[in-house]
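A closer look at the structure
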Amino acid sequence: PSPRKTGACSGGITTLLRGTKHHASRGSLYIPLDLQREFKVAPDDLLRGPQSQDAMQALADVFYEVSAHAHVHLEHARHMLPQAPPGSAAAMLQG
């Protein structure tokens with residue numbers, strides 16, 4: 001993969017996390033089901049907001065996991081930047 005594609009993955013994941021409240025208000029969820037199950041996040045907690053302290057912590061944990069995945073993509077893109085064509089780094093890491 002190129003730094004551009006890897007950086008785009010990071011940006012896409014971040015954008016989806018930022019849009020979770022908006023999407024949930026329309027009945028759509030984009031948090032992976034396997035992570036929802038792993039962290040015991042009920043779909044209702046995503047759609048309507050957490051109803052308990054445990055649910056709030058589970059949401060925080062799942063969001064942390066997803067954001068960590070985005071961070072791995074970003075770091076991978078940064079590591080690959082020296083291989084990118086000259087002058088392309090600024091365009092790839094706009095934020």
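Residues numbered from 1 in each chain as written. Predicted model: local features only at pLDDT ≥ 70, side-chain atom pairs only at ≥ 80, totals over all residues. Heavy atoms only, no water.

1. A few points about the overall build of the protein
In terms of regular secondary structure, the protein is built from 6 helices and 0 strands. Helices and strands appear in the protein in the N-to-C order α-α-α-α-α-α. In the protein, which comprises 95 residues, the proportion classed as buried is 29%. Summarising the internal contacts of the protein: among those between residues at least 6 apart in sequence, 50% fall at separations of at least 24. When the accessible area of the protein is evaluated, it comes to approximately 6,700 Å², of which 57% is carbon and sulfur surface. (Helix = DSSP H or I, 4+ residues; strand = E, 2+ residues; numbered from the N terminus. Buried < 20%, exposed > 50% of the residue type's maximum accessible area, 1.4 Å probe, protein only. Contact = heavy atoms within 4.5 Å. Areas by Shrake-Rupley, 256 points an atom, 1.4 Å probe, with all protein chains shown as cover.)

2. Comments concerning the nonpolar core
Counting residues in hydrophobic clusters, the biggest one holds 11 residues: I13, I31, L35, F39, V41, L46, A58, L59, V62, V66 and A70. When residues no more than four places from it in sequence are discounted, the contact partners of V41 are Q36, L46, A58, L59 and V62. (Core = buried A, V, L, I, M, F, W, Y, C linked by side-chain atoms within 4.5 Å.)

3. Some words on the confidence of the model for the protein
In this model, the protein carries a mean pLDDT of 85, and residues with pLDDT of at least 70 account for 86%. Ranking the helices and strands of the protein by mean pLDDT puts helix α3 (residues 33-38) first, with 95, and helix α6 (residues 89-92) last, with 61. (pLDDT = per-residue confidence, 0-100.)

4. Points about the side chain of Q36
Assignment of secondary structure puts Q36 in helix α3. Apart from the residues within four sequence positions on either side, Q36 is in contact with I31, V41, P43, L46 and V62.

5. Some thoughts on the pattern of salt bridges
Tallying each qualifying case throughout the model produces 2 salt bridges. The partner of R48 in a salt bridge is D44, with the nearest N and O atoms 2.5 Å apart. In this pair, R48 and D44 are both assigned in helix α4 (residues 43-48), 4 residues apart and thus about one turn of the helix distant. Owing to a relative accessible area of 44%, D44 belongs among the partly exposed residues under this scheme. Between E75 and R78 there is a salt bridge, with the nearest N and O atoms lying 2.9 Å from each other. Taken together, the positions of E75 and R78, both in helix α5 (residues 53-80) and 3 residues apart, correspond to about one turn of that helix. Overall, the relative accessible area of 35% leaves E75 in the partly exposed class. (Salt bridge = Lys/Arg side-chain N within 4 Å of Asp/Glu carboxyl O.)

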